[in-house]
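One-letter residues, chain by chain:
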Amino acid sequence: MPPTRRILTLLAVLALVPATRPARAADPVVVFAAASLKNALDDAAASWTKETGTNTRIAYAGSNALAKQIEAGAPADLFISADQAWMDDAEKAGSLKPGSRVDLLRNALVLIASGPKDAGSDPEIALAPDLGSTLTRILGGGKLAMATIDAVPAGRYGKAALEKLGAWDAVKGQVAQAENVRAALLLVARGEAPLGIVYATDAAAEPGVHVVATFPSDSHPPIVYPAALIKDSRNPDAAALLAYLRGPAAKASFERQGFRVMGKPGASQ
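Residues numbered from 1 in each chain as written. Predicted model: local features only at pLDDT ≥ 70, side-chain atom pairs only at ≥ 80, totals over all residues. Heavy atoms only, no water.

Here's the deal with the overall build of the protein chain
Thought 1: Per the secondary structure count, the protein chain includes 11 helices and 11 strands.
Thought 2: At a minimum sequence separation of 6, the contacts of the protein chain that also span at least 24 residues come to 78%. (Helix = DSSP H or I, 4+ residues; strand = E, 2+ residues; numbered from the N terminus. Contact = heavy atoms within 4.5 Å.)

This is the structure:
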């Protein structure tokens, strides 16, 4: 075959082959999550990315701030709140994908003190009727670190527990309110506040504090973390991530940080 004819034939064949384009990486799943989830959710999300090749982008803050951002149209795919109330608000605002809401995790509330747990640490504090005077004595002129008491879930749980135990009036003037529970944790870890109220999982994640008391579960509303897909999300991987977070692989990540994973409907917990 003459060279010219061979070239024309090759060009004709190439014209029949579809042009190939580099595959576009899937958009990351954007998650708005309560600040107390950071260690456990980072770990679970990293495992999911390793397994699926799909990335996540997680914004951590107080549940109140996240819910308001979602209601204002922030481009999130998945919301995980630290209480039911802020998820309720997002649902009432029409921000959630119908039928996607699930209860994901449980947590506990603890009183923490500065410094690691060692022989010289403060002893356990009895949550007795004189708790208010006990806290006042330990605080001295210092502060009790809490998340914002009228908006952030951890702050609301903490205030409710202190009210139930008759200690709120004694300490309310010494409360240092932080924008989220991790910020309250940091105040105690840095020694800027002698005591603080945070979740058990926060205390477990910070070596600079130790637990001196655990609040009874009946002293505050149940600490439940609901999760839901955002109505306007167009990311097909968001539902897959939510399903993964409810599965056995993510359960290990959550339980390592002290969360209790809630079972799916009809499953044993």
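Structure's up, so let's keep going.
Focus: the pairing of strand β8 (residues 195–199)
Thought 1: Buried residues dominate β8, accounting for 5 of its 5 residues.
Thought 2: Relative to β8, strand β5 (residues 109–114) is paired through 5 bridges, and the arrangement is antiparallel. Looking at the pairing, Ala 113 lines up with Leu 195 of β8.
Thought 3: Pairing geometry for strand β6 (residues 144–147) and β8, over 2 bridges, is parallel. Bridge pairing in β8 links Leu 144 to Leu 195. (Buried < 20%, exposed > 50% of the residue type's maximum accessible area, 1.4 Å probe, protein only. Pairing = 2+ DSSP bridges.)

Digging into the sheet that holds strand β10 (residues 224–229)
Thought 1: Here we have 6 strands laid out as an open sheet, ordered β2-β1-β3-β10-β4-β11, and mixed in their pairing. One side of each edge strand has no neighbouring strand; the edge strands of this open sheet are β2 (56–61) and β11 (260–261).

Focus: helix α8 (residues 181–189)
Thought 1: Among all positions in α8, only Val 181, Arg 182, Ala 184, Leu 185 and Val 188 are buried. Along the long axis of α8, the arc covered by the buried residues comes to 155°, so they all point the same way.
Thought 2: Between the side-chain oxygen at the start of α8 and the backbone nitrogen of Arg 182 there is a gap of 3.0 Å, and the oxygen is on Asn 180.
Thought 3: Looking one or two residues past α8, Gly 191 carries a phi angle of roughly 80°, positive in sign. (Arc of directions from axis to C-beta. Polar contact = N/O pair within 3.5 Å; in protein donor to acceptor, adjacent residues only side chain to side chain.)

Structural notes on the side chain of Thr 54
Thought 1: Structurally, Thr 54 is set in the loop between α2 (38–52) and β2.
Thought 2: With near-sequence residues (within four places) excluded, Thr 54 lies in contact with Ala 26, Asp 27, Val 29, Trp 48, Thr 49 and Asp 237.

Description of the pattern of salt bridges
Thought 1: One pass over the structure, following the stated rule, counts 9 salt bridges.
Thought 2: For the salt bridge of Arg 256 with Asp 43, the shortest nitrogen-to-oxygen distance reads 2.6 Å. Taken together, the residues span a long stretch of sequence, with Arg 256 in helix α11 (residues 248–256) and Asp 43 in helix α2 at a distance of 213 residues.
Thought 3: The exposed category is assigned to Arg 256, whose relative accessible area is 58%.
Thought 4: When the shortest N-O distance is used, the salt bridge between Arg 190 and Glu 192 registers 3.9 Å.
Thought 5: What makes Glu 192 partly exposed here is its relative accessible area of 48%. (Salt bridge = Lys/Arg side-chain N within 4 Å of Asp/Glu carboxyl O.)

What about helix α10 (residues 238–245)?
Thought 1: Regarding α10, the residues found buried are Ala 238, Leu 241, Leu 242, Tyr 244 and Leu 245. Along the long axis of α10, the arc covered by the buried residues comes to 160°, so they all point the same way.

So, the sheet that holds β5
Thought 1: The 5 strands lie next to each other as β7-β6-β8-β5-β9, forming an open sheet whose pairing is mixed. Two strands bound the open sheet, and with one partner strand each, they are β7 (175–178) and β9 (209–214). Direction aside, neighbouring strands of the sheet carry axes that sit 35° apart on average.
Thought 2: Across the sheet, helix α6 (residues 153–164) lies against β5, β6 and β8, angled at about 125° from β6, the strand it touches most. (Axes fitted to C-alpha atoms, helices over the stretch in contact; angles between N-to-C directions.)

The values reported here are purely geometric and, on their own, carry no functional implication.
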